[in-house]
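Residues per chain are reported as follows:
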Amino acid sequence: MASSAPPFDVGRLTRDLRAGDRTVLSRAITLIESKRADHRRTAAALTQALLDATGRAVRVGITGVPGVGKSTTIDALGSMLTRQGRRVAVLAVDPSSRRTGGSILADKTRMARLANDANAFIRPSPASGTLGGVAAKTRETMLLCEAAGYDVVLVETVGVGQSEIAVADMTDFFLVLMLPGAGDELQGLKKGVVELADMIAVNKADGDNLVRAKAAAAEYRAALHILSPRSPNLSPPVVTYSAQTGDGIAVLWAHVLDHREKLSASGELASRRGEQQVKWMWAMLEERLFAPLRSDRTLKAALPRIEADVAAGRLAANAAVEEIADMLGR
Ligand SMILES: Nc1nc2c(ncn2[C@@H]2O[C@H](COP(=O)(O)OP(=O)(O)OP(=O)(O)O)[C@@H](O)[C@H]2O)c(=O)[nH]1
Ligand SMILES: [Mg+2]
């Protein structure tokens, strides 16, 4: 099927993107998100050509249960940062079916200030595809944003699935947001998510919630003692703030910068990023190598039978692997 869109010119894209052209950035992200094999190769060439201009941003992952205030927080934090002269990119990873095109719109209204800020760029990641796929696109999108001059990248994800692990794996700082309210200690978040946290921030510390927010913070501080921190030398701070009034947002950001300074000084920032890149490479390669298992019709048709035979003890697992490998090698 012939496409009516003009072909992508990597040289031009590279040049215009480095100049910070937002329309070109959007176009380049569309290229990155494309599933076409020729686009994938062009996307790889583009990323490679831009590599020296990437890595400069403060990369922050933000997670929390639905309604905790992620979008409101990003709006308040992002606007504070653009006022300080920063350029802020906001990306969202949400593999759940909960979100449709309509709620992207809702998100933009929750981020009303940033959505109209010339120094901010908001881009939801596609909700389709496998988690690894979605996260991979978000990572590449992050690199493009960096090359286009965005020096803060905020990645939002809802903290109820596995997307938060993917986001923690692509950021320098992982911020876990909590609601005020004691008792329901980890609030539906898996313990594993809290263990990824570089900071816990209790939102909605305003009005009647103020006291409850402080109590919740004290509880998390106590709970964190029994968990192992992500960085051996840094125990994650627990703060309270209000995304609505803006109280505490500056302190929250100061913690991010402080953490960054310490990680840079110890060399952990560079090593963490290096490890993330390698892990990402393997994740993408694995996905690529597994692709035939999903796309080969004959194999797809045969797999349930092979699995059933293995389960029933009619076929040895290693014999099954030989059979599958033979079909793949045809
Ligand atoms: N009182 C108070 N309400 C807040 C605060 N921050 C957010 N809210 C409200 O909480 C609700 C949810 O906020 P969102 O920012 O949409 O939350 P979210 O975590 O992005 O939600 P999802 O995208 O659905 O996962 C909205 O009604 C906000 O107005 C705050 O600091 N104080
Ligand atoms: Mg939101």
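In short, a report on the structure. (Residues numbered from 1 in each chain as written. Chains lettered and ligands numbered in written order. Predicted model: local features only at pLDDT ≥ 70, side-chain atom pairs only at ≥ 80, totals over all residues. Heavy atoms only, no water.)

1. A closer look at the pattern of salt bridges
For the structure shown, the criterion picks out 15 salt bridges. Here Arg 12 ties to Asp 16 by a salt bridge, and the two come within 3.9 Å at their closest N and O atoms. Placement of the pair is Arg 12 and Asp 16 together in helix α1 (residues 10–18), with a separation of 4 residues, close to one helical turn. The salt bridge partner of Asp 52 is Arg 18, with a shortest N-O separation of 2.7 Å. With Asp 52 in the loop between α3 (37–50) and β1 (58–64) and Arg 18 in helix α1, this pair connects stretches of sequence that are 34 residues apart. When its relative accessible area of 54% is taken as the criterion, Asp 52 is described as exposed. (Salt bridge = Lys/Arg side-chain N within 4 Å of Asp/Glu carboxyl O. Helix = DSSP H or I, 4+ residues; strand = E, 2+ residues; numbered from the N terminus. Buried < 20%, exposed > 50% of the residue type's maximum accessible area, 1.4 Å probe, protein only.)

2. Details of the packing of helix α4 (residues 70–83) against helix α11 (residues 249–266)
In contact at an axis separation of 10 Å, α4 and α11 are set at 75 degrees when each is read in the N-to-C sense. Classified by the angle their axes make, α4 and α11 are roughly perpendicular. Of α11, the residues touching α4 (which contributes Ala 76, Leu 77, Met 80 and Leu 81) are Ile 249, Ala 250 and Trp 253. Split into classes, the residues belonging to the contact of α4 with α11 amount to 7 nonpolar, no polar and no charged. (Axes fitted to C-alpha atoms, helices over the stretch in contact; angles between N-to-C directions. Parallel < 35°, antiparallel > 145°, perpendicular 65-115°, else oblique. Contact = heavy atoms within 4.5 Å. Nonpolar A, V, L, I, M, F, W, Y, C, P; charged D, E, K, R; others polar.)

3. Here's the deal with the site of ligand 1
By nearness alone, 18 residues border ligand 1, and Lys 70, Thr 72, Lys 204, Asp 206 and Ala 243 come closest of all. Between Ala 243 and ligand 1, the recorded distance is 2.9 Å, taken from a backbone N or O atom to an oxygen atom. The protein chains hide 80% of the 660 Å² of surface that ligand 1 would expose on its own. Of the residues forming the shell around ligand 1, the biggest block, 3 residues, is contributed by α4. The class makeup of the residues in the shell around ligand 1 is 4 nonpolar, 7 polar and 7 charged. (Near = heavy atom within 4 Å. Polar contact = N/O pair within 3.5 Å; in protein donor to acceptor, adjacent residues only side chain to side chain. Areas by Shrake-Rupley, 256 points an atom, 1.4 Å probe, with all protein chains shown as cover.)

4. Observations regarding the side chain of Lys 137
Mapped onto the elements, Lys 137 comes out in helix α7 (residues 131–147). Buried and without a salt bridge, Lys 137 has Glu 140 as its closest oppositely charged side chain, separated by 4.4 Å. Residue contacts for Lys 137: discarding those within four places in its chain leaves Ile 32, Glu 33 and Ser 34. (Lys, Arg positive; Asp, Glu negative; His and termini not counted.)

5. Concerning the coordination of the magnesium ion (ligand 2)
Here the magnesium ion (ligand 2) is held by the protein donor atoms Ser 71 (OG) and Glu 156 (OE), which lie 2.1 to 2.6 Å from it. With Ser 71 in helix α4 and Glu 156 in strand β4 (residues 152–158), this residue pair connects regions lying 85 residues apart in the sequence. Here Ser 71 falls in the buried class, since its relative accessible area comes to 8%. For Glu 156, a relative accessible area of 4% translates into the label buried. (Donors = N, O, S within 2.8 Å, 3.2 Å for Na, K, Ca; no water.)

6. Describing a nonpolar patch on the surface
Taken together, the side chains of Val 278, Met 281, Trp 282, Leu 285 and Leu 289 present a nonpolar region at the surface, about 500 Å² in accessible area. Given the relative accessible area of 35%, Leu 285 is considered partly exposed. (Patch = residues over 30% accessible without salt bridge, like charges linked within 9 Å, V, L, I, M, F, W, Y side chains within 5 Å.)

7. Some thoughts on the nonpolar core
Within the largest apolar cluster, 45 residues are counted, with the highest numbers of intra-cluster contacts made by Leu 17, Leu 25, Leu 144 and Ile 200. In terms of residue count, the dominant contributor to this core is helix α2 (residues 22–33) (6 residues). Setting aside chain neighbours within four positions, we find Leu 25 in contact with Leu 17, Phe 121, Leu 144, Cys 145, Ala 148 and Tyr 150. Among the nonpolar cores identified, the runner-up in size contains 30 residues, and Ala 120, Leu 154, Tyr 241 and Leu 252 belong to it. (Core = buried A, V, L, I, M, F, W, Y, C linked by side-chain atoms within 4.5 Å.)

8. Regarding the packing of helix α12 (residues 268–295) against helix α13 (residues 297–311)
It is the contact of α12 with α13, at a shortest axis distance of 6 Å, that shows an interaxial angle of 75 degrees. Put simply, α12 runs roughly perpendicular to α13. Judged by residue contacts, Pro 292, Leu 293, Arg 294 and Ser 295 of α12 engage Arg 297, Leu 299, Lys 300 and Leu 303 from α13. Residues belonging to the contact of α12 with α13 are distributed by class as follows: 4 nonpolar, 1 polar and 3 charged.

9. What about unusual backbone geometry?
One non-glycine residue, Lys 204, lies in positive phi territory at about 65 degrees. Relative to the helices and strands, Lys 204 is located in the loop between β6 (199–202) and α10 (210–224).

10. Notes on α2
The α-helix winds at 3.6 residues per turn, so residues separated by three or four positions along the chain end up facing the same way. Over its 12 residues, α2 runs 16 Å from end to end, which matches the ideal 16 Å to within 8%, given 1.5 Å per residue. Measuring from the side-chain oxygen of the N-cap residue of α2 to the backbone nitrogen of Thr 23 gives 2.9 Å; that N-cap residue is Asp 21. (Expected span 1.5 Å × (residues − 1).)

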